Amino acid sequence: MSIETQSSTQGPRTRGRAGNVALSGARGLALMFISLPGAVICFCFTLVSIALIPIGVGIVTTPWVLAGVRSFADRRRLLAAEWGGVRIPRAYRPLPEDANPWARTFGMLRDPATWRDIRWLPVDMTAGFVTALVAFALPLYPLEGFAIAAGLWRVLPDGYWYGFVKVTDQTSAFYAAGLGAVLLVAALWLAPLLLRAHFRLTGAVLGSGQGELAERVRVLTETRRDAVDTSAAELRRIERDLHDGAQARLVAMGMDLGTVEALLEKDPEKARELLAQARRSSADALTELRELVRGIHPPVLAERGLGDAVRALALRLPVTIEVEVDLPGRAEAPVESAAYFAVSEILTNAVKHSGADRIWIDIHHGEGLLRVSVTDNGKGGASIGAGSGLAGVERRLGTFDGVLAVSSPAGGPTMVTMEIPCVLS
């Protein structure tokens, strides 16, 4: 078992305008390959699955299809925040963990957020694809004009048009280069704006619009109820662990000490045995109390913060883990605790179910958000479903208005990303 850690305290890197254009073009290319095929596949599967509901097949398939659509939309929300600075709230209504396929299907179909996702898919495959395409092509098109002026015009067919310039000789080729220079200057401004427009369009359709305030109140009410239920369950667990563990050992130790008092003069050998047993019981009780305290709030988390707590957690796991932390300060204790136990749950799932032998953890803070991503090279197939550990993580983060997104295609890799709004001290 090994672990590699890396900390960074550098601030955000500054890029020149040319670097921003190149980055916008690369991101536009990535979005082209994401938006068109992803949106088309999700939209077609959704329509077919919903159409099959009357004959019963859709009752089984629709929850899985809509969960895939939500995962696709969640991934775009994360890209909008990281690449475009556009925050798109996630406001899906929670479903009971023990819901049957019928309840899950119609529960998801009654959710307004589901229909916003479905309306967004055609927009993403058309206007979203076009904005990403132009953001990618605009910085590249001027290069053709420069190549034409450098001699490419000689091998082009007669009357080749570059934009509105007809290239027939070296002079017209220079005109093409001039037009390319103008387009390149325009690209310095327009390419980043087009990328941002792509994400603003996504936010306009995926966002809850005029009902955002009512939706926000509903989500906060549900997350508060989840927090209360979680706290009550945690208190019951602590009480049960104390009663069945440390308390029982301390009671037994008291009885042993009482017996030792009675045997001290009559049977010293037996008294020494009971004293040794009491000492072992006290050591076991202390160990159980330490484990209990670690389960409530790990001491290393309180003393050294989230980064070191996650490193200490990773050291106890039988896989190779790389932890990268870039936190210039500390979040509030409840936020750190929620993030720590969320990472703990995700790592436990990865070790038990994914078959991964390597895990990467990245923790950083930017734009008012604590972002944590956990990636493994396992077999994939993870999802936020009822009864899964990830559903519990999502409820835990929801208390803090956090977002959980999972990308886990069959065959892997699996990437779980969490965002929690917070400020660092």
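Per chain, residue numbering runs from 1 following the sequence as it is written. Totals for whole chains, interfaces and linings use all residues, but because this is a predicted model, local features are given only for residues with pLDDT of at least 70 and pairs of side-chain atoms are given and counted only at 80 or more. Working from all heavy atoms in the structure, the side-chain values ignore hydrogens and water.

Caption draft 1: Layout of the pattern of salt bridges. For salt bridges, the criterion is a side-chain nitrogen of Lys or Arg within 4 Å of an Asp or Glu carboxyl oxygen. Inspection of the entire model under this criterion finds 11 salt bridges. Across the pair D111 and R70 runs a salt bridge whose closest N-O atoms are separated by 3.4 Å. Taken together, the residues span a long stretch of sequence, with D111 in the loop between helix 3 (101-109) and helix 4 (112-149) and R70 in helix 2 (residues 57-83) at a distance of 41 residues. The buried label goes to any residue with under 20% of its type's maximum accessible area, the exposed label to any with over 50%, and the partly exposed label to all in between, with areas taken from a 1.4 Å probe on protein chains only. When its relative accessible area of 0% is taken as the criterion, D111 is described as buried. Taking the shortest distance from any N to any O, the salt bridge between R330 and E336 comes out at 2.7 Å. Judged by its relative accessible area of 4%, E336 is buried. Secondary structure elements are defined from DSSP: runs of H or I of at least 4 residues count as helices, runs of E of at least 2 residues count as strands, and each element is numbered from the N terminus.

Caption draft 2: Main features of the packing of aromatic side chains. Two rings from Phe, Tyr or Trp (for Trp, the six-membered ring) form a pair when their centres are within 6.5 Å of each other. A pair whose planes differ by under 30 degrees is stacked, one over 60 is edge-to-face, and the rest are tilted. By the definition in use, this model includes 3 aromatic pairs. An angle of 35° between the planes, with centres 5.4 Å apart, marks the rings of F72 and W120 as tilted. Here F72, found in helix 2, pairs with W120, found in helix 4; they are 48 residues apart in sequence, far enough to count as distant. Considered together, F72 and W120 belong to a single accessibility category, that of buried residues.

Caption draft 3: Seen up close, helix 2. Compared with the 39 Å implied by 1.5 Å per residue over 27 residues, the 39 Å span of helix 2 between its first and last C-alpha is a close match. Once helix 2 ends, the next one or two residues include G85, with phi positive near 65°. In a helix, the anticipated span is given by 1.5 Å times the number of residues less one.

Caption draft 4: Geometry of a nonpolar patch on the surface. Residues with no salt bridge and a relative accessible area higher than 30% make up the patches, which join like charges within 9 Å and nonpolar side chains (Val, Leu, Ile, Met, Phe, Trp, Tyr) within 5 Å. Working definition of accessibility: Shrake-Rupley area with a 1.4 Å probe, residue cover restricted to the visible protein chains. Together, L140, L143, F146 and L184 line one region of the surface with nonpolar side chains, adding up to about 320 Å² of accessible area. In terms of residues, the nonpolar patch owes the most to one element, helix 4, which gives 3 residues. Its place among the elements puts L184 in helix 5 (residues 170-206). By relative accessible area, L184 is classed as partly exposed at 31%.

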